[in-house]
Amino acid sequence: MNKHKEGEKIYSWIKHLFPICRSITGEGVRTTLKFLKKELNNIKIKSVSSGTKVFDWKVPYEWNIKSGYIEDDYGKKIVDFKKNNLHVVGYSTPINKLVSFSELNKHLFSLPKQPNAIPYVTSYYNETWGFCISHNKRKTLNKKKKYRVVINSTLKKGFLNYAELVIKGKEDKEILLSTYICHPSLANDNLSGPCVALAIAKWIKKKNRRYTYRIIFIPETIGSIVYISRHLSHLKKKVIAGFVITCIGDNNNYSYLPSRNGNTLSDRASKSALMYNVKNFKTYSFLDRGSDERQFCSPNVDLPICSIMRSKYHEYSEYHTSEDDLKFISSEGLQGGFDILKKTLEIIEFNYIYKAKFPCEPQLGKYKLYPKMSIKDNYAESKNLINFLAHCDGKNDLIEISNKINVNPIDLIELSSKLFKLNLIVKIKKKLL
Ligand code: ZN
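Residues numbered from 1 in each chain as written. Predicted model: local features only at pLDDT ≥ 70, side-chain atom pairs only at ≥ 80, totals over all residues. Heavy atoms only, no water.

### Some words on the overall build of the protein chain
Now for step 1: When helices and strands are tallied, the protein chain shows 12 helices and 19 strands.
Now for step 2: Oriented by its inertia axes, the alpha-carbon framework of the protein chain measures out at about 90 × 45 × 35 Å.
Now for step 3: Within the span of the protein chain, comprising 433 residues, buried residues form 57% of the whole.
Now for step 4: Considering only contacts within the protein chain whose residues lie at least 6 apart along the sequence, 80% involve residues at least 24 apart.
Now for step 5: Accessible area for the protein chain stands at about 20200 Å²; split by element, carbon and sulfur atoms hold 50% of it.
Now for step 6: Across the protein chain, 72 positive and 41 negative side-chain charges occur, with their mean positions spaced 3 Å apart. (Helix = DSSP H or I, 4+ residues; strand = E, 2+ residues; numbered from the N terminus. Buried < 20%, exposed > 50% of the residue type's maximum accessible area, 1.4 Å probe, protein only. Contact = heavy atoms within 4.5 Å. Areas by Shrake-Rupley, 256 points an atom, 1.4 Å probe, with all protein chains shown as cover. Lys, Arg positive; Asp, Glu negative; His and termini not counted. Charge placed at Lys NZ, Arg CZ, Asp CG, Glu CD.)

### Structural notes on the pattern of salt bridges
Now for step 1: With the rule as written, the count across this model stands at 15 salt bridges.
Now for step 2: The salt bridge partner of glutamate 39 is lysine 202, with a shortest N-O separation of 2.9 Å. Note that glutamate 39 is positioned in helix 2 (residues 27-39) and lysine 202 in helix 5 (residues 187-206), a separation of 163 residues in sequence.
Now for step 3: Residue class for glutamate 39 comes out partly exposed when judged on its relative accessible area of 23%.
Now for step 4: According to the relative accessible area criterion, lysine 202 is partly exposed, its value standing at 26%.
Now for step 5: Where arginine 210 meets glutamate 171, a salt bridge forms, and the shortest distance between an N and an O atom there is 3.1 Å. (Salt bridge = Lys/Arg side-chain N within 4 Å of Asp/Glu carboxyl O.)

### Regarding the environment of phenylalanine 286
Now for step 1: Locating phenylalanine 286 in the fold gives a position in the loop between strand 15 (282-283) and helix 8 (293-296).
Now for step 2: For the pair phenylalanine 286 and arginine 260, spaced 26 residues apart in sequence, the C-alpha to C-alpha distance is 5.9 Å.
Now for step 3: Sequence-distant contacts of phenylalanine 286, that is, excluding residues within four places in its chain, are made with Pro258, Ser259, Arg260, Glu293 and Cys297.

### Notes on the coordination of the zinc ion
Now for step 1: Looking at the zinc ion, the protein donor atoms are His183 (NE2), Asp189 (OD) and His320 (NE2), and they sit 2.1 Å from it.
Now for step 2: Considered as a linear motif, the donors of the zinc ion on their single chain read H-x5-D-x130-H.
Now for step 3: Owing to a relative accessible area of 3%, histidine 183 belongs among the buried residues under this scheme.
Now for step 4: With relative accessibility at 2%, the residue aspartate 189 sits in the buried group. (Donors = N, O, S within 2.8 Å, 3.2 Å for Na, K, Ca; no water.)

### Quick look at a positive patch on the surface
Now for step 1: The grouping of Lys76, Lys77, Lys82, Lys83 and Lys137 at the surface amounts to a positive patch.
Now for step 2: By the secondary structure assignment, lysine 83 is in the loop between strand 5 (77-80) and strand 6 (95-100).
Now for step 3: A relative accessible area of 74% places lysine 83 in the exposed class. (Patch = residues over 30% accessible without salt bridge, like charges linked within 9 Å, V, L, I, M, F, W, Y side chains within 5 Å.)

### Quick look at the environment of glutamate 171
Now for step 1: Mapping glutamate 171 onto the fold places it in the loop between strand 10 (159-167) and strand 11 (174-180).
Now for step 2: On the basis of relative accessibility, which here comes to 18%, the residue glutamate 171 falls in the buried class.
Now for step 3: Between the alpha carbons of glutamate 171 and threonine 212 there is a distance of 6.4 Å; along the sequence they are 41 residues apart.
Now for step 4: Beyond its immediate stretch of four places on either side in the chain, glutamate 171 contacts Arg210, Tyr211, Thr212 and Lys429.

### Section: helix 7 (residues 265-277)
Now for step 1: The terminal C-alpha atoms of helix 7, which comprises 13 residues, lie 18 Å apart, in line with the 18 Å expected from a rise of 1.5 Å per residue.
Now for step 2: Burial in helix 7 covers these residues: Leu265, Ser266, Asp267, Arg268, Ala269, Ser270, Ser272, Ala273 and Leu274. (Expected span 1.5 Å × (residues − 1).)

### Some thoughts on the sheet that holds strand 17 (residues 353-356)
Now for step 1: The three strands are arranged 18-17-19 in an open sheet whose pairing can be described as antiparallel. The open sheet has two free edges, formed respectively by strand 18 (393-397) and strand 19 (425-428), since each of these has just one partner strand. Pairwise comparison of adjacent strand axes, ignoring direction, gives a mean angle of 30° for this sheet.
Now for step 2: In this structure, strand 17 lies alongside strand 18, joined through two bridges in antiparallel fashion. Paired with isoleucine 353 across the bridge in strand 18 is aspartate 397.
Now for step 3: Lying on the sheet, helix 11 (residues 398-405) is in contact with strand 17 and strand 18; it crosses strand 18 at an angle near 85°. (Pairing = 2+ DSSP bridges. Axes fitted to C-alpha atoms, helices over the stretch in contact; angles between N-to-C directions.)

Okay, here's the thing in structure tokens:
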């Protein structure tokens with residue numbers, strides 16, 4: 001059996017989307033969203049006009065780019081956007097000018113400590129132009145020469161686009177899954193996020209759901225601010241858990257970044273899923289945040305949003321460079337990310353508070369839940385079941401019981417379903433936040 005079937009599918013989507021030049025607005029975003037719509041036909045693509053005020057922000061102009069390069073006096077291209085879209089600083093204003101080395105040098109970005117990598121640089125809110133170049137190539141430039149810089153871009157009134165998919169469940173309480181679609185050719189940060197979210201969305205659509213799922217594909221920061229500004233009261237009323245899906249495709253670490261509260265249902269389910277289902281994982285602090293949880297967990301919004309990642313943004317050397325490419329991620333890494341998110345969502349779906357029906361232990365043998373013969377070795381098999389039942393006091397939820405009896409919550413899902421079907425426990429709903 002193929003162990004990484006979903007991982008391979010996710011990898012193939014990433015490979016398809018990788019060459020597209022995305023930014024927080026523009027054609028690259030629309031092409032990416034159209035691809036998602038082809039895969040998830042109920043998804044809705046939304047447009048918000050440049051200049052729209054959202055809280056303390058304004059939707060910026062739309063940016064598009066056709067080409068960009070630096071040429072020497074022999075007409076040889078030093079860097080070319082067509083070879084790697086990281087070469088042009090995101091949101092660069094158009095330019096076509098012969099410049100001295102010293103002027104060019106002020107607009108160049110390179111990483112001396114990673115001399116072969118092209119950095120990823122943007123300037124969304126400060127109009128300028130620039131090129132990103134490997135440090136080794138930068139060192140070959142001749143200080144006495146002039147260079148032609150050409151950026152064929154447009155920055156004008158247009159739209160910010162995002163996509164939203166709501167998958168209704170039996171209950172109207174919602175799980176929010178948010179991911180971003182605004183980076184150019186970068187793999188772990190960024191395409192692993194939307195592509196794992198796409199696989200999760202397909203899985204959710206097929207399953208028997210308790211909760212309603214709201215899955216959004218937005219440009220980072222400005223997109224979450226736009227989305228929150230349009231849906232704040234609904235989100236505050238309905239969302240009981242949620243995740244920012246990002247950096248989830250490499251094969252190195254697992255990481256967990258808590259919500260500001262640190263003990264929401266999302267946090268509890270994440271910690272519980274990771275503890276029992278991956279070899280090890282790193283717990284970060286909310287102070288290490290860096291994606292849309294900054295907005296979702298901000299005061300006045302205060303949603304229960306955290307993150308489960310593989311190698312976290314800012315924490316791996318390939319991050320935001322040309323080295324975060326298709327080789328940095330793998331179908332195995334993506335599969336691991338997909339699996340752990342799936343397990344976390346399963347835990348949330350089954351996180352009921354259970355209460356035993358009878359005083360004292362039920363006679364388990366009657367239900368074929370207990371070995372017929374009482375031999376000391378047999379006891380271990382029923383231990384989890386007896387311990388689980390012992391904590392079904394109408395106060396503990398599944399996650400708490402898992403912590404108390406030290407059993408994988410995924411195993412308790414199966415166990416509790418069995419006991420529920422046998423009418424030995426009842427489910428109690430309580431306010432979940
Ligand atoms: Zn990023």
